[in-house]
Structure formats: structure tokens, C-alpha cells
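Structure assessment
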Amino acid sequence: MPATLFQSWWFQNLFTLSLLAGAALLAWRLSRREYWRNAFHEICRNRLAVISFVILCGYGAIAVLDSIGWRRPLRHPETGEIARHPETGKVILDQGASALDYLLAPISAKREKTYSAPLATTDYTPTTAMSPTGQPQRVHAPLAYPRSHLLGTDRIGQDVFCQACKSIRTGIIIGLLTTILAVPFALIFGTAAGYYGGWIDDATQYVCTVLSSIPTVLFIAAFMIIFGQGLPQLALAMGIASWTGLCRLLRGETIRLRETDFVLAAKAMGVPSWRIILRHIVPNVLHLILITTVIRFSSEVLAEAAFTYLGIGVGADTMSWGAMINDARTELTREPIIWWKLAAAFTFMVGLVLPANLFGDAVRDALDPRLR
Amino acid sequence: MPSQPEQHLLTVSGLRIAFRQGDAGVTAVQDASFAIKPGEMLALVGESGSGKSITALSLLGLLPPNAVVEAGQAHFQGRDVLALPASERRAIAGRRIAMIFQEPMTALNPVLTVGWQIGEVLKQHHRLPRAGRQRRVVDLLTQVGIPDPEQRASDYPHQLSGGMRQRVMIAMALAGQPELLIADEPTTALDVTVQAQIMDLLQTLRRQYGTAILLITHNLALVNEQADRVAVMYAGSIVETAGCDDLFRRPAHPYTRLLLRSIPSVDQRGQRLAAITGSVPKPEEEIPGCRFAPRCPLATPQCQTAAPLFRDLAPNHGVACHLADTPLPEAQADAAVSKDDAPPPTPVLQVTGLQVWFPRQSGLFRRTTGYVKAVDGIDFTLWPGETLALVGESGCGKTTAGKALVGLAPINAGSIVVHGKTDLNGLHPRALRPFRQTIQMIFQDPFSSLDPRLTIGETIAEGMEIHQPGLTSNERQTRMTDLIAKVGLPADALRRYPHQFSGGQRQRIGLARSLAVNPAVVICDECTSALDVSVQAQILNLLKDLQHELGLAYLFITHDLGVVSFLAERIAVMYLGRIVEHGQTAEVMTSPRHPYTKALLAAAPTLDSADGRPKLRLPGDVPSPINPPTGCHFHPRCACAQEVCRTTPPPSVSFSPTHSCTCHFPVD
């Protein structure tokens, strides 16, 4: 069954590692080109960009840790004995958990009964208890684990910090996957439409216009109803909905490049069209792709939160900032107000989106030869 | 230097302007001093980066935000305009001192009528009431020689030609009846015939109103014909000032002397141009001593350490040089002047009836409603080892013709026969590919003709990978090293990127890229017009050397008649898509037969004394090729046009085996 294949740990681990290897290879290839090396030095001079990059790396590391995982032998809850199959004697494995889960286990294991404020020692809402004198009174009951919840706990006593951390992967996967799906479409259709013009251009433009005339929310809602809710579905839907903008941008830039003298010189030399696109057009629009990708990444993260809030995002079993904000909707109406879940989701989102934008700006400046 | 400041309208002394770049300051103008008398035309001449425009902008308080005036005064009618507060300076700038800019295309707002824009100036500066404004706008437009001024006042800028727009800019500048007009490269973006009209207009205004003009330009020939006095700037300093005659007959500074020699003209045929080595230093380059010393053939150790002071050689002739009296080494004669007179057996390129028509489509279904006849039937033959110049103003189709030859423009009809065998027109693109290497092209703009993301090696190798796929990478490397040495660049250039090279060096790279595929014909599309004069001379010399060495044929597309007369054996003059005159360079330059050729030659400024030449001015602009005039295309601008010219296309008339022109009434 494909669903179990995609959900199996070995597939996820393989996928994550190959993505990492791909990124490392790309970085290595780029580092050998002087153009990119200069850009890198330029970025290094910008302190804000370096700080942003470090924060982004932190987020990335958490997402990677949350994406690789393994199954462990099931143990007896009391004796700690490894469970074995009664007939075959094989070790029975549990559902498995990600590396992040294992790291966060000490915190997430500390379950409270219900809401508690960040770093509180007692319950947030008073409960009725008998005083030593036998009178019923409203007291703030002491927590099971005082001062150990950095961002408090939610309605069922789960640690909010752990939830926010677990949501990082969702956000980053949405941002990355959407981009990875959208860029090849935009690149192929955008450059082809711009370079060849004629009917290829017309066809691409019609598709783009049709796609961008469907309201994004409705399109994604329809997509999720047909294919079911889930992280990959959402990323695919958002990818399809968002490649048209980049495609138009690349088409415009290609039309401009098509008329530049160096492309004309290559044409006059008799270089075939596909080769001109690969050698002259694509490298000269790469910086545009990179910039839009970085800037788009943050808007995708925010969009995911919005879609989940609207109930058409990732399913209820996946933790995400959108889901957290959705929960917080009811909590905000309580008296006294439960503010930390919203604050946690908000802080974590800003912590990702703001550095991403700052870093995107720095990359754009570094790649623009006029600003060097 | 100026002894009686009260006589002068503007006295600039010790002006120093620097650009702030981070913490460091880069001096863009160093100790500039000059003065203008009322009604005088002073030319500030220099190559790119000499600081001439910045000097002018500082007078109007228009410096970019990161530029600062560090020292100096500029007394205008007794007040130092540099020291004035912004509010008081505004009362002078734009009113007493007005400026015309280089680009008439961008200096006007495209969404407002020209009448409104001139009216705005009148309103802002002169508080003229509405009714008076309208009349004054028409007056001004009449003054600058715009026909139907009432009509034109309600036109939008895009409805006017470049020359007309420049006239509107001059009208705006004149609105305040300024005492001083600063013209920053006022004719650089215009055609020669239009340039002549605009310069005539400026001279007339000067005579009529006594307006002093500060002409900023890089065009020495123009200065020779127009200015009273000249200040030559080099890399931020004024190196020589003199009366116009003095400067051109007795130049003192080695830079001026070399610059004058490096301008190509008929006299230098068969010689090498005295190219100044290297290129103009950038303002941020630190050069101790004289800034010209690194390029100066006379430089002594003293020049490299001590900056020369400005001194007077004669009254009104000052120079900043230690060695103003030392003679320069003589110009080298061209080694390979002698040529076989016997023409080679087959022409390398034979073009007959070449037509490039661009369809004009309109409506929902893009029906073709007409054609822009960019090139409308031209014939020429190119023999190995010779240079044919295709001359004409912008819009005459010369560049399109060149592009059609290399397959960058669609050919409507005609044949392009290579080596007397193959007709390229009609060949399938795949069949055409092997012939692409025969005809190569060098482009005008050295900055856009190289892919910024490929190394020079990758750029040069591209053509070889297509046309010589058999070469091993070692052989290719050797060949590239040869080529790069041949065009005069260091061997390590192959690993570097285009942005590390200057304009002249990039043009050399473009040449190397073309030569890599062993072409027989190289089409040079205005390939030196974007370069500084001193660098242009280097490239022209290089083109000549390579022609002798490799037997290349050049199709030299240009509007610069000086370059043509220096380089070309034959000239074809184009007007609106047709060749109107065709002949040996000497024939066409000395006895032009077509009225257009004659006017073109008369309009182009030269370094020779201008007195003897007839003043022949073409009225109007080049008509649009969308709707060309009937009969002879030239008749609306032609002084000798008669009825037959309006109806019948002129026949081709031959005057010698080589010289022909298409005209009903050729000039004798």
C-alpha cells in the first residue's frame, strides 16, 4: 500500500537524506563558481543576513530531526522487558518516533491535567478543593511538574513548546515542497514561452491565466476534498496554485534576455535553441528563481497556517501552527484569557518568516551585479 | 587663472568633488578651474569618467546624494552658487543657469503634453499668468524652430522625433532667458544631420540672446566646429585650456595631442592610429603624480611622483603637464599597406535584392495589415580582405541588414551567396548551421554582448563546440590561448568573467569569440561607437591588423564617417532601407553624387578647419519606414527634388565602374 510506503520510516529517512545530499551537492557546485562565491562573501559581510541564516539553520535542523526516525522495540511498561512475539519470538517494534520526539520526550512526558501558564507552578484555573477545615474553596492546584513548561500547557495538559517545535517540520515541508513542485514548472514553461514565443507562449499564457483566475482558497478546498487532507496533498495543491506567478516573471525576463546581444551572438553562431536556453537563459534567471523562492517560502508558511485555520489544511493528526491558532480561537474567548498557545505559534512563525525574508533580501542584493 | 573675474559670467576655481563610498572618499573632480564670458561657448571635453558631467551638475546643485563638493567656488554674477543655500540656489538654477540633458527620450514626462511641461516651467519659475503662459509656450517653440508650434504644444513627447524632443528641451531651458546654458552631450543621442540642426540652433540662440553655453561633450570634432574655447578634462582634472584654434592647431598636453591623433579620418589611411595604451582610469584607482602618466609615452619618473601644476603656456592657453614641449614619437606607418590590386577570383559574399520586411499585425486575429520595410532590396558584393562600410542614420536599416546576414532577422526576399556557391536564403535552419561560421558579427554594446555568467573561456569555446566538435579539449585550449593573445589580452583572461574587463577589452573578447570559428566575413555593427576615442583607436588598429593577417572581409556598419574614411575601401550609403550611393571611399567622400550623401558629409563635424566646407543642412527627420515617402524616399528632405522624384523611384546611375547612385538628379 502506497500510503504505508510514504509513511514508513525508512522511506522518510531516505527521502530526507537524499534531499540533504542534493542540497549539499548544489552548495558544493555553486561554491566552485566565482559568481556565487562572491555573492557568498557579500552575504557574509551582512551581519543581519548571517544571524538570519543561523536561525534558519536552527529551524532546518529541527525539521530534519523531526523527519528522520526509527522504531524501537516495544517494552513492558513496568518491567522494561522487551516484548517478543509469542510464537516466532521476534522482537515487536513500536510505531516509531522521530529523532525530535525522542529528544523532546523528557518534556512531552510531563503531562499536566489541563491549562497552565508558561513556567507556572500551579494550575491556571482554580479548582474546587476541600480545605483542611473541611470548607470547599477555590484553589490553584499545584502542577505535577512545576516550572518545567516553557510555553505552558494546553487544554489536555500537553506542553505547548513541544507542539510548536513539532509544527516546524510542517511549515518547512510546506514551504519547501511547494517550491520544489512549483519551480520546475515555472522554469520550463516560463523560459520556453519567453524564448520561442508564438503558440507555445499563447498556450502557456492561457494555462496561467486560467489557473490564476481560480480563487486559491477554493482551488485548495476542492483539491483537499478530492484527494483527502494531508501534508503532501496540501503542498501539491499550493504548488499548482502558485507556479503561475513565477512563470510569468521568468517569461518576461526571458523575453528581455532573448533580445540581448549575447543571446543574439550565440544564435548567429548557430547554437541550437535548447542549448541557448540551458547555457544563457537559465543561468541568467537563476537569481530570480532563488529570490522568489526565498521570499515565497515565507508566504507559503503563512498560507499553510491560514488554510489549516480554515479547515482545509493539513489533517487534524498533523501538528501545525495553523492548527495551534485554530485551537487558540476558542481559548482567546475564555476568561481569564489563554494567550500562550497563540503567542507560541505566532513567535515561532515570525521566527522563521522574518529571518527568511531578511535572508532573501540579502541574497537578492548579493546577486545583483549593479549593487556590488 | 582668470585675471578679471568681473568680466566673466561664471568663474569656477579649485572645484573638488568626491564620492562617498562607505568610509572612503573617491575624488571625481580635482581642482577644476575655468571661466566663461557672457555669450561665449566653452566646451568641456573629456572621455568617460573624466568628471565633466559631475562638474556641470554641481553648478546646478544636482549632484547625486553621495557626491560632495569638498572645495572650490563657482562665482556666477558675483555670487558663489556652491555656497548658496538650496532655496536661493533654486532661484538661479533653472532660471539664470539652465541645462539640457543628453537623453531627450527620458527627460520629458511621457504622459504630459509638451506644452503643459513648458508651461509648468513658466509657472514655477516666472509666475506667469495662465493666458500669458500659452502665448509664451508658442513663442518658445517658434524660437527653437518647431514647425506648427500651436499644434505641437498639444502633442505628447512620443509623437515627436528625437531632434524635436531635444528642441523642446532647449525651449524649456530658454524659458527663463538664462545667461548660461549648460548642454550636457546635447546631440550624442541624435543623428548627424539632426545634430547639425541642433548645434545651428544653439549658435543662433547664442548670437541672438548673448547666452553663454557650456558645452559638455566627448566629440572633439564637434568642439572644433562649434566652441570658442576648450577645456580638456582627463580623469577628474582639467589638463589643458585654450582657445579653440590654439587647441586644435597647437595642442600642448600629451593627452590632447594623442587624442587628436587617435581620431580616425581620411588623413590617417594607411597609418596606424595613435592609440593611447590602456584605458581611462576609474575614479577609485589611486594614481600618484600625473593621472595620465601610466598611459603617457613621454612619462618620466617625475610624472609618476609629482602632479603637474596648471601653468600658462601663452595667454589663454594653460596646461597641466611637466612635458608640454617634448615632441611625441611619430605615428607608425601601417606595415602592410601595399595590397594586391588584382581582385581575388570569387567574392566571399554576394548579396542581391535583400529584403527584410517585418509584418505589421493588427486586430484580434493578428491579420497582417502592412509591412515595415526595414531593408528594401539592397545589393552589394564583399571581396576577401576588404572592408565595405554600410553608412546611414538611425532607422535606415543598416543594422537590420547586418542581422539578416547572420540569420537574426527574417529575410523576405533576395539571395546571400557565400563563396560564390551557396545561397543561404531558403536553406533549412539545420542545413544553414555549418555556414553560420562563415559570417560572424560583433555587436555595438560591449556590456551586453557577453554573457555575465560565463567565463571568457566558456564564451569563446561555445562556437568551437558547435562548429569544430572534433577538437579535443587540449587543442581547444591551445587555440583559445592563441586567439586571446591575437586580440591583445593576457592569457589568464580565459578564466575570468566579463565584468572584470573594460569596454575596449570586452570588444576584443567579442572579436575573439567571432574569430574562434574561422569566419570569412565579420560584420561590425557600430562596434566602436560605444567606446572612448582613445580606446576606439586601439580596436580599429586591431581590426586592421587582423584583416591583414587573416584576410578577413569586414562589413562595417556605422554612422561615423571618420571611422569609415579611415578603415573602409568602399562605402554604401543607406537611406530608409535602400542603398542610395555606392562607391570607393575616395569617390564617395570627395565627390558625393547623391544629395543625401552630400548632406551627410556636410553635417558630420570634422577636425579640419570648417571654413571651406559648404553649409548644407537637411531639414526634418528620417521618415518612418512604416510609411515611406513615395517615389524617391529622400524627396521630402531633398533640396533639388522635382515632380518626378515624388512619383518614380530613381534609377541607378553609374559614374565609374565602382561608383553608382540612385537619384534622378545626381549632384556634380
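Scoring rules and cut-offs
Here, residues in each chain are numbered from 1, in the same order as that chain's written sequence. Written order determines the labels here, with chains lettered from A and ligands numbered from 1. At least 70 in pLDDT is required for a residue's local features to be given in this predicted model, at least 80 for side-chain atom pairs to be given and counted, and no such filter applies to totals for whole chains, interfaces and linings, which use all residues. Side-chain metrics in this entry use all non-hydrogen atoms of the structure; hydrogen atoms and water are not considered. Put simply, DSSP marks the helices as runs of H or I at least four residues long and the strands as runs of E at least two long, and each gets a number from the N terminus on. Here, residues are in contact when the closest pair of their heavy atoms is within 4.5 Å. By convention, the term buried area covers the 1.4 Å-probe accessible surface removed from two parts as they join, with the contributions of both added. Only one rule defines a salt bridge in this text: a Lys or Arg side-chain nitrogen within 4 Å of an Asp or Glu carboxyl oxygen. Buried, partly exposed and exposed residues are distinguished by accessible area as a fraction of the type maximum, computed with a 1.4 Å probe on protein chains only: under 20%, between the cut-offs, and over 50%, respectively. Any two strands are treated as partners once DSSP identifies two or more bridges connecting them. A fitted line through C-alpha atoms serves as each axis, taken over the contacting stretch for helices, and the angle formed by two N-to-C directions is quoted from 0 to 180°. Marked domain ranges trace back to an automatic or database domain assignment. What qualifies as a polar contact is a pair of N or O atoms within 3.5 Å, subject to a donor-acceptor requirement within protein and to the restriction that residues adjacent in sequence count only when both atoms come from side chains. The classification used treats Ala, Val, Leu, Ile, Met, Phe, Trp, Tyr, Cys and Pro as nonpolar, Asp, Glu, Lys and Arg as charged, and all other residues, Gly among them, as polar. Each residue carries a pLDDT score, the predictor's own confidence in it, on a scale running from 0 to 100.

A few words now on the environment of B:Trp116. Mapped onto the secondary structure, B:Trp116 falls in helix H3 (residues 114–126). For the pair formed by B:Trp116 and B:Arg133, sequence separation is 17 residues and the distance between their alpha carbons is 9.6 Å.

Time to look at the interface of chain B and chain A. With 28 residues of chain B in contact, the opposing surface of chain A contributes 22 residues. Regarding the contact of chain B and chain A, the summed buried area is about 2400 Å², with carbon and sulfur atoms giving 51% of it. Our count for the contact surface shared by chain B and chain A stands at two salt bridges. Secondary-structure elements contributing two or more residues to the side of chain B that touches chain A are helix H13 (429–436), strand S18 (439–442) and helix H14 (456–467) of chain B.

On to helix H10 (residues 254–262) of chain B. In terms of residue burial, H10(B) counts as a mostly covered element, since eight of its nine residues are buried. Taken as a whole, H10(B) has its buried residues at B:Pro254, B:Tyr255, B:Thr256, B:Arg257, B:Leu258, B:Leu259, B:Leu260 and B:Ser262.

Moving on to the pattern of salt bridges. One pass over the full model with this rule turns up 29 salt bridges over all chains. A salt bridge links A:Asp201 to A:Arg251, with the nearest nitrogen and oxygen atoms 2.6 Å apart. Of this pair, A:Asp201 sits in helix H7 (residues 198–213) while A:Arg251 sits in helix H9 (residues 231–258); the two residues are 50 residues apart in sequence, bridging distant segments of the chain. In this structure A:Asp201 comes out as buried when scored by relative accessible area, which is 11%. In this structure A:Arg251 comes out as partly exposed when scored by relative accessible area, which is 22%. Between B:Glu465 and A:Arg275 there is a salt bridge, with the nearest N and O atoms lying 2.7 Å from each other.

Residues and elements named next belong to chain B. Taken in spatial order, the eight strands line up as S6-S7-S8-S3-S9-S10-S12-S11 in an open sheet, and their pairing is mixed. The open sheet has two edge strands with one neighbour each: strand S6 (97–100) and strand S11 (311–314). Along the sheet, successive strands turn relative to each other by an average axial angle of 20°, direction set aside. Sheet analysis places strand S3 (residues 41–45) next to strand S9 (residues 229–234), joined by four bridges and oriented parallel.

Our next topic: unusual backbone geometry. Positive phi, close to 55°, is recorded for A:Arg147, a residue that is not glycine. Note on A:Arg147: relative accessible area 59%, which makes it exposed. Even without a glycine there, the phi angle at B:Glu526 is positive, about 50°. Its place among the elements puts B:Glu526 in the loop between strand S19 (521–525) and helix H17 (533–550).

Residues and elements named next belong to chain B. Along its sequence, chain B is organised into domain 1 (1–88 + 181–187 + 212–335), domain 2 (349–438 + 519–662) and domain 3 (444–518). The straight-line distance from the C-alpha centre of domain 2 to that of domain 3 is 28 Å. Across the boundary between the two partners, domain 2 contributes 21 residues, which contact 15 residues of domain 3. Counting the surface lost from both domain 2 and domain 3, the interface buries some 1500 Å², and carbon and sulfur atoms represent 69% of this. Counting the surface domain 2 buries against domain 3, the share from its top three residues, Gln437, Pro519 and Leu542, is 33%. Inspection of the domain 2/domain 3 interface yields one salt bridge. Notably, a salt bridge pairs Lys486 with Glu549, separated by 3.8 Å at the nearest N-O pair. The interface formed by domain 2 and domain 3 contains four residue pairs in polar contact (both at pLDDT 80 or more). Elements supplying a minimum of two residues to the side of domain 2 that touches domain 3: H13 and H17. Looking at the side of domain 2 that touches domain 3, the element that brings in the most residues is H17, giving eight residues. Class assignment of the residues belonging to the side of domain 2 that touches domain 3 gives a composition of 13 nonpolar, three polar and five charged.

Further remarks concern the sheet that holds strand S2 (residues 24–36) of chain B. Residue and element names in this part refer to chain B. A sheet is described by the order of its strands in space; here four strands give the open sequence S2-S1-S4-S5, paired in antiparallel fashion. Pairing within the sheet leaves two strands with one partner each, and these edge strands are S2 and strand S5 (79–80). Of the pairings in the sheet, the one linking strand S4 (residues 67–76) to S5 comprises two bridges and is antiparallel in character. Counted as the bridge partner of His75 is Asp80 from S5. Seen against the sheet, helix H1 (residues 52–59) touches strand S1 (10–21), S2 and S4 and runs at an angle of roughly 110° to S1.

This part covers the confidence of the model for chain B. Considering every residue of chain B, the mean pLDDT works out to 85; 96% of them sit at 70 or more. Contacts for the low-pLDDT stretch residues 1–5 of chain B, under 50 throughout, to residues beyond four places or in other chains number eight contacts.

Regular strands place side chains that alternate from one sheet face to the opposite one. All names here are of chain A. Note: strand S3 (residues 127–130) against strand S4 (residues 136–139), four bridges, orientation antiparallel. Bridge assignment links Thr127 to a residue of S4, and that residue is Val139. With antiparallel pairing between neighbouring strands as the criterion, S3 and S4 make up a hairpin whose turn holds five residues, including Gly134 at a positive phi of roughly 95°.

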